[in-house]
Amino acid sequence: MSFYVTTPIYYVNAAPHLGHAYSTIAADVLARHMRQRGEDVFFLTGTDEHGEPVALAAEREGVTPQELVDRNAPRFKELMPRLNVSNDFFIRTSDPEHQAASQKVLALIRDNGHVYEGVYEGWYCPRCADFKTDAEAGDDNLCPIHRTALTREKEDNYFFRLSAFQDDLLRLYDEQPDFVMPRHRYNEARSFIESGLQDVSLSRSTFTWGVPVPWDPEHVFYVWFEALLNYYTALSYAKPGEDLTERFWPAQFHIIGKDILKFHTVFWPAMLLAAGLPLPEHVFVHGFLLMREEGKTDAGADSELKKMSKSMGNVLDPFQIIDEFGTDALRFYCMRDVGFGQDGEVSTARFAMRYESELANDFGNLASRTVAMIHRYRGGDVPSSQPDPELVAEIDAAVPEVCALLDRADLTGALEAIWVRVRRLNRYVEEQAPWVLAKDEARAEELDRVLASLAEGLRVVAVALHPWIPESTGRLLATLGAPQLELEGARMQAGRLGAISKLEPLFPKHR
Ligand code: MSP
């Protein structure tokens, strides 16, 4: 089966930060896992290059918008290999192919009678690239997110008849209760729709940095409509000489942050309905990684947790974490410490704690000890004994559990399900005490069984863990002489492993 997963496309007006890495790592875990299940996977990420946020940043820096995007887009593109992310394509919305393909769909929406000309008058936040209602503007006319002044806009626009899709959207929500996940985000999106939908601007005429409206050169498309279409247009040109649309559309998962819920759970399905295109299966809405403001360490009333973002100035640099601790440590921490779908605090102290106690101790030590004992007691050959049936039952049950959890994009739950097994294997070492068995020749068979069980258990766990920490599990599996990643083979088997090599510590304690 085909499996298409996307990240949001990132604004190129500033440097990549942990928030961007977060959405991307999450989508990568899903993509890697589905490949292990033998699915035909396509994984898309990229950059959002039009609209006011970019035009304003270019103006501030005294360059043209094109110069700015050409300078900044590579920083996002380079982020992907540094995060060890396995995207199949990187879309830039300034790609001429995207521009042409998005114009086609938007013209189709107009041909289908869902577009009309009018005058927009109201509040607008140039930093969100979002129109604000009077209620959102409040008495002070400030953006509720950025706390900066909203502008009063009055301009000729083409409008998208969003209001006409209210009933269709409610029907979609009734029929597909997992269209938006997790549940509290479904409820939020649904009540937004129920509260009544107003038509929205589809184009801007006071502004030129965008995709031209083909039927009226005085206008460019409102950036959100064109940007959302990236998920669809990318398939038409990602692979030279081949159109992948049939093979991969509709997407199984759009992974997004909660700040862009309205666009993905209301505007996007309405647009696709208007164009007569199939809808994605799931929009998974994750929360925010939050950081305490610098200098405030106590949990007093004023130590407010802030969303980590470029506009707030409290950026935690993913590159720095990678340089110091490696890619896997960052990937693991992001998916482990904050429940995927919830908001949660992140900090360097918590990072260090997870690294030491879980990656270095629980997993790294288990791997080192197991490999070292096989060398010390059996000259580096894994005995071919039948593994302990009790352990087999517990370890093997991890894989179907992980599959079921990841079908719902429960990335933290699935990681915990594997970690339960990592801990189980550590307990097994303590219970069986191979170093005691090794002292007694009469217990050689027992020792064989324990070592075989540990090596196979470790292999199965490493295969299941691979999507989260691909670098270190890849190294461990190579050491075990069993690099295969297919989940089908992730069951403990006798005689599966033979000679193994030496292993450098997976997560060294002091760097
Ligand atoms: N360009 C739009 C998305 C268009 S998709 C058709 C955009 N870009 S963004 O660069 O501002 O943000 C991209 C993603 O990063 C969003 O999903 C956002 O939620 C996420 N994050 C930004 N800061 C974040 C945190 N502090 N924590 C977690 N993710 C957050 O929006």
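Residues numbered from 1 in each chain as written. Predicted model: local features only at pLDDT ≥ 70, side-chain atom pairs only at ≥ 80, totals over all residues. Heavy atoms only, no water.

## Section: the domain arrangement of the protein
The criterion, for reference: Just so you know, the domain bounds were taken from an automatic or database domain assignment. Contact between two residues is taken to exist if any of their heavy atoms lie within 4.5 Å; hydrogens are not considered. Any Lys or Arg side-chain nitrogen found within 4 Å of a carboxyl oxygen on Asp or Glu counts as a salt bridge. Each polar contact in these results corresponds to two N or O atoms within 3.5 Å; when the atoms are within protein, one needs to be able to donate a hydrogen and the other to accept it, and residues that are neighboring in sequence are counted only if both atoms are side-chain atoms. Helix and strand labels come from DSSP, where a helix needs a run of H or I of at least four residues and a strand needs a run of E of at least two; each type is numbered from the N terminus. Three classes are used, and their members are as follows: Ala, Val, Leu, Ile, Met, Phe, Trp, Tyr, Cys and Pro are nonpolar, Asp, Glu, Lys and Arg are charged, and the others, Gly among them, are polar.
According to the domain assignment, the protein consists of domain 1 (2-286) and domain 2 (350-489). Computed from C-alpha atoms alone, the centre-to-centre distance between domain 1 and domain 2 is 42 Å. Counting residues at the interface gives 12 residues for domain 1, matched by 16 residues for domain 2. Remark: the boundary between domain 1 and domain 2 carries 1 salt bridge. The partner of Asp-407 in a salt bridge is Arg-37, with the nearest N and O atoms 2.9 Å apart. At the junction of domain 1 with domain 2, the criterion picks out 5 residue pairs in polar contact (both at pLDDT 80 or more). Sorting elements by how many residues they give to the side of domain 1 that touches domain 2 places helix H1 (residues 18-36) first, with 7 residues. When its residues are assigned to classes, the side of domain 1 that touches domain 2 shows 7 nonpolar, 3 polar and 2 charged.

## Let's talk about the packing of aromatic side chains
Rule in force here: We call Phe, Tyr and Trp rings a pair once their centres come within 6.5 Å, taking the six-membered ring for Trp, and we label the pair stacked below 30 degrees between planes, edge-to-face above 60, and tilted otherwise. Here's how the labels work: a residue is buried when its accessible area is under 20% of the maximum for its type, exposed when over 50%, partly exposed in between, all with a 1.4 Å probe on protein chains only. In this analysis the charged atom, NZ for Lys or CZ for Arg, is taken to sit over a ring once it is within 6 Å of the ring centre and within 35 degrees of the ring normal.
Going through the model one piece at a time under the given rule, you end up with 33 aromatic pairs. An angle of 15 degrees between the planes, with centres 5.5 Å apart, marks the rings of Tyr-116 and Phe-159 as stacked. Of this pair, Tyr-116 sits in strand E4 (residues 115-125) while Phe-159 sits in strand E6 (residues 151-160); the two residues are 43 residues apart in sequence, bridging distant segments of the chain. The exposure class assigned to Tyr-116 is partly exposed, which follows from its relative accessible area of 26%. Of the residues examined, Phe-159 reaches a relative accessible area of 9% and is grouped as buried. Linked through ring pairs, Tyr-120, Tyr-124, Phe-131, Phe-160, Phe-165, Tyr-222, Trp-224, Phe-225, Phe-263 and Phe-267 together constitute an aromatic cluster. The aromatic ring of Tyr-124 is capped on one face by Arg-204, whose charged end is 4.4 Å from the ring centroid.

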